[in-house]
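# Results of the structural survey
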Amino acid sequence: MSTNMEVDESNVFYLPQQPLPTVHVPASYDEHRDKHTPLCIDNGATYLRFGFCTSESPRVGLNMIAKYKERKTNKPLLLFGEGIDVEGGARSQARTPWEGDVLLNFDALENALDYAFIQLGIDTPTVDHPVLMTERLASPLHSRALTSELMFEQYSVPSLAFCVDSVMSFYHNNLPSPSVPFRADGLVVSFNTASTSVIPMLDGKGVMSHAKRIPWGAMQATEYLLKLIQLKYPTFPSRVTSTQTNWMLQNFCEFATDYTALLRQLKDPLQMRAADRIIQFPYTLPVTEEKTEEELARIAERKKEQGRKLQELAAKSRMEKLLQKENDLAHLLSVRDRREEESKKEWADTLREEGFANDAALDGAIKKLEADLKKARKKEADGENEEPEEPPSFPLVDVPDEELDEEGLKEKRKQKLMKAGYEARKRAKREKEREREEREAEEKREEEERDRDLAGWAARMRKEQEAIMTRIKERNRRKAALTDRKSAASQARMKSIANLAADDRVPKKRRKGGGEDMFGADDEDWTIYRKINTAAVSSDEEEDYANLQAVEQKLLAYDPTFTEEHTHASLTSQRSALMAAFRPHYDEGDVKGKARIHVNVERWRVCEAWFSPSMAGVDSAGLGEVLQNVLARFPDQEKGRLVKNVFLTGGPSQLPNLVPRLHATLRPILPPEMPLEIVRAADPTLDAWRGMADFAKTDEFSRIGVTKAEYEEWGGERIKRWWGGNWNSSVPI
């Protein structure tokens, strides 16, 4: 890793291997043949749980089907549940009966029920058993009507009753003795696949008129975690699937009692690393060819020689550019000297011939050349050693060309180049000496200002430091934005490149007629290359860093309140340490490290979305607000009966720290003397089916089911109203 952090291997978790599907053997039907044993079907959005009410536990399968053709024999297959993952091509064609929180795909539901009845061993033409089936809270009538039609028309069941799964789980966990009627009170909070619902229960009856539901469940939490991982690792080498993300949600995510306080703790890089969980994805080590020491030495020598040649070429190129700029400056100065000698018309013609629009453009070009020469001479002087005491002689420079042969002319050109370089170095040395004198004078003035008003000088220096750091930060922000092709900065860069490529500066007619492209006449034209060349380090950036270092050195030397912690390097390293803890960076060749995902803040952020769905982009009240609104509808006496048994059920209710978080949410909105108890279902995933089985054994079950005759009279939307079912489109018993 590029950071100095050692990875604790005990904190690295590997993705679980995909288990082979279990071959389920259909049960024997002899025990239930002609006995009309009630059949319980928990039609969940993730799992289908089914079985006779006399069974201790249901049969369970993923509620998903796929129609698939076997490759070798081209035989059509219908796969259900975990068998879909075995066939690679079947996964893309998989369908579930549910679309989010709504039952819509009835072809898939029919296939799933076919599988369930086959596994139960039912071999008769019809399903001659009364059925108790779950539906979501406030189920759409369309879904209920088509489900009823399927059960009565396709399977010819004698009766059908619908219930709400969370109420059945509550019933199983508060089951009375056989002789005592069900009169339990409580507030049922059900965590489902695509929603979370709150149902108040008084005297053993669900008060469905006060029930609430929010559109956030385990499926949305899994998608949210996947989006956070994709945002954190946009170039991750492996594809992260929803199944893998759901495994991370179940094993690493948890609720925070106080999310804001937790974030403040995680601002400490050490705390962030302690909260880190590392998921190792599969990777393949690259095959590298090892070289001998002799080959490595030859390669190093070759690189060194190439570097030396490049340095020589660069030095020669710099010298040629310096001479060219000096000649250009001398020419422009001579042009400016003619301003006083020529008339206005002649001067305007001269400017037009030289490619300038007005005097300001000429003065700007001269000023820019002088600044460039100043920088170049300074750099050249810094790279040179002290000049020899005896100046070199160039005897052939003043000799006329007619008096020299071919060798002499070559030597003369060489001496002219050497003389120009020598004179440039002398000028740079004089310029450096002048700058040194100016710097000493400036330091003297600054020292006098410090002696006169140290606080004012320190404030001015700190303001200057802040301004430079702001420029550096803005420049880095723009560089980062350019890496995202959808950002405004990147799109502006592409627009600039497109404008250059289009060459729209001169119309085609003018070009054909001899029109001249004036690009470059204005010095601002050349800034376009700085905009589109993101890799080049600008001179402004180098100058800013140098000035920042100088300002900070002065503050450290003379301002007692300014310490190393206030320097740009220290502030940047603090932010870098937190970012390195949030997402550690691995070296380019570390294939194993590149295939790792670090989950830290996301562990709590995903679960916090149950209480603040807006943070995940869902326009809905959170669970705490919904609980408060539901309780506000009841007087204090009934409210006390509800909160004395806050019941949690559903798979996501098993996430750690949910009970303390709900306690911290509910306690402040209740009177201090009102007792608050929060309990979780004994088995949050299977207790709903077990509650259905318990109820199906009672005499009351036979009275709440809709018979075939009633279905034909009322239609599929109608149900009988009872304490464990929905109220919409219900008929009182």
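Small disclaimer: the values here were computed from a predicted structure and weren't measured.

### Overview of the overall build of the chain
When its secondary structure is counted, the chain shows 25 helices and 22 strands. The burial tally for the chain puts 39% of its 733 residues in the buried class. Here the analysis covers contacts within the chain between residues at least 6 apart in sequence; of these, 68% occur between residues at least 24 apart. Accessible area for the chain stands at about 42700 Å²; split by element, carbon and sulfur atoms hold 50% of it.

### Regarding the sheet that holds strand β6 (residues 76-80)
One key point about sheets: their strands pair by backbone hydrogen bonds, in either a parallel or an antiparallel sense. Taken in spatial order, the three strands make up an open sheet running β6-β5-β7, and their pairing is antiparallel. Every other strand in the sheet has two partners, leaving β6 and β7 (94-95) as the edge strands with one partner each. Where strand β5 (residues 65-69) lies against β7, two bridges are found, and the strand directions are antiparallel. The partner of Ile65 across the bridge, within β7, is Arg95.

### Focus on a negative patch on the surface
Taken together, the side chains of Glu289, Glu293, Glu294 and Glu295 present a region of like negative charge at the surface. Take Glu295: it is sitting in helix α8 (residues 293-337). Take Glu295: its relative accessible area is 32%, and that puts it in the partly exposed class.

### Some thoughts on the packing of α8 against helix α9 (residues 344-354)
One can describe the packing of α8 onto α9 by two numbers: an axis separation of 11 Å at closest approach and a directional angle of 165°. In terms of their interaxial angle, α8 and α9 are classed as roughly antiparallel. As for the relative orientation of α8 and α9, their crossing is left-handed in sense. Within the contact between the two elements, α8 uses His331, Val335 and Arg336 and α9 uses Trp347, Thr350 and Glu354. Partitioned by chemical class, the residues of the contact of α8 with α9 number two nonpolar, two polar and two charged.

### A few points about the environment of Ser169
You can see Ser169 is positioned in helix α3 (residues 165-173). Accessibility expressed as a relative area gives 0% for Ser169, which makes it buried. For Ser169 and Met692, which are 523 residues apart along the polypeptide, the C-alpha to C-alpha distance reads 8.0 Å. Those residues within four positions of Ser169 in sequence are excluded, and the remaining contacts are Phe647, Thr649, Ala681, Asp687 and Ala688.

### Digging into the packing of aromatic side chains
All chains considered together, the criterion is met by 23 aromatic pairs. Between Phe80 and Tyr115, the aromatic rings sit 4.2 Å apart at their centres with planes inclined by 25°, giving stacked as the arrangement. Taken as a pair, Phe80 in strand β6 and Tyr115 in helix α1 (residues 106-119) lie far apart in primary sequence, 35 residues in all. With relative accessibility at 21%, the residue Tyr115 sits in the partly exposed group. For the ring pair Phe255 and Phe611, a centre distance of 5.9 Å and an interplane angle of 90° mean the geometry is edge-to-face. Within this pair, whereas Phe255 is found in the loop between α5 (242-252) and α6 (259-266), its partner Phe611 is found in the loop between α19 (602-608) and α20 (623-631), the two being separated by 356 residues in sequence. Residue class for Phe255 comes out buried when judged on its relative accessible area of 1%. Taken together through their ring pairs, the aromatic side chains of Phe170, Tyr171, Phe182, Phe647, Phe695, Phe701, Trp722 and Trp723 make up a single cluster.

### Digging into the side chain of Lys232
Within the secondary structure layout, Lys232 lies in helix α4 (residues 218-232). For Lys232, the side chain forms a polar contact with the side chain of Asn600, separated by 3.2 Å. When neighbours within four sequence positions are excluded, Lys232 is seen to be in contact with Phe582, Arg583, His598, Val599, Asn600 and Glu602.

### Quick word on the confidence of the model for the chain
Chain-level pLDDT for the chain is 85 on average; 89% of the residues reach the 70-or-more range. Overall, residues 1-5 carries pLDDT values under 50, and its contacts beyond four positions in sequence, including any with other chains, amount to 13 contacts. Below pLDDT 50 for its whole length, residues 385-389 participates in four contacts with residues either more than four positions away or in separate chains.

### Let's talk about the side chain of Arg144
Summarising the element assignment, Arg144 is placed in helix α2 (residues 141-154). For Arg144, the side chain forms a polar contact with the main-chain oxygen of Asn728, separated by 2.8 Å. In this structure, Arg144 is in contact with Glu135, Ser139, Phe162, Gly716, Glu717, Ile719, Asn726, Asn728 and Ser729, ignoring residues within four places of it in sequence.

Definitions and limits used
- Residues numbered from 1 in each chain as written.
- Predicted model: local features only at pLDDT ≥ 70, side-chain atom pairs only at ≥ 80, totals over all residues.
- Heavy atoms only, no water.
- Helix = DSSP H or I, 4+ residues; strand = E, 2+ residues; numbered from the N terminus.
- Buried < 20%, exposed > 50% of the residue type's maximum accessible area, 1.4 Å probe, protein only.
- Contact = heavy atoms within 4.5 Å.
- Areas by Shrake-Rupley, 256 points an atom, 1.4 Å probe, with all protein chains shown as cover.
- Pairing = 2+ DSSP bridges.
- Patch = residues over 30% accessible without salt bridge, like charges linked within 9 Å, V, L, I, M, F, W, Y side chains within 5 Å.
- Salt bridge = Lys/Arg side-chain N within 4 Å of Asp/Glu carboxyl O.
- Lys, Arg positive; Asp, Glu negative; His and termini not counted.
- Charge placed at Lys NZ, Arg CZ, Asp CG, Glu CD.
- Axes fitted to C-alpha atoms, helices over the stretch in contact; angles between N-to-C directions.
- Parallel < 35°, antiparallel > 145°, perpendicular 65-115°, else oblique.
- Left-handed = near helix turned anticlockwise from the far one by under 90°.
- Nonpolar A, V, L, I, M, F, W, Y, C, P; charged D, E, K, R; others polar.
- Phe/Tyr/Trp six-rings, centres within 6.5 Å; stacked < 30°, edge-to-face > 60°.
- Polar contact = N/O pair within 3.5 Å; in protein donor to acceptor, adjacent residues only side chain to side chain.
- pLDDT = per-residue confidence, 0-100.

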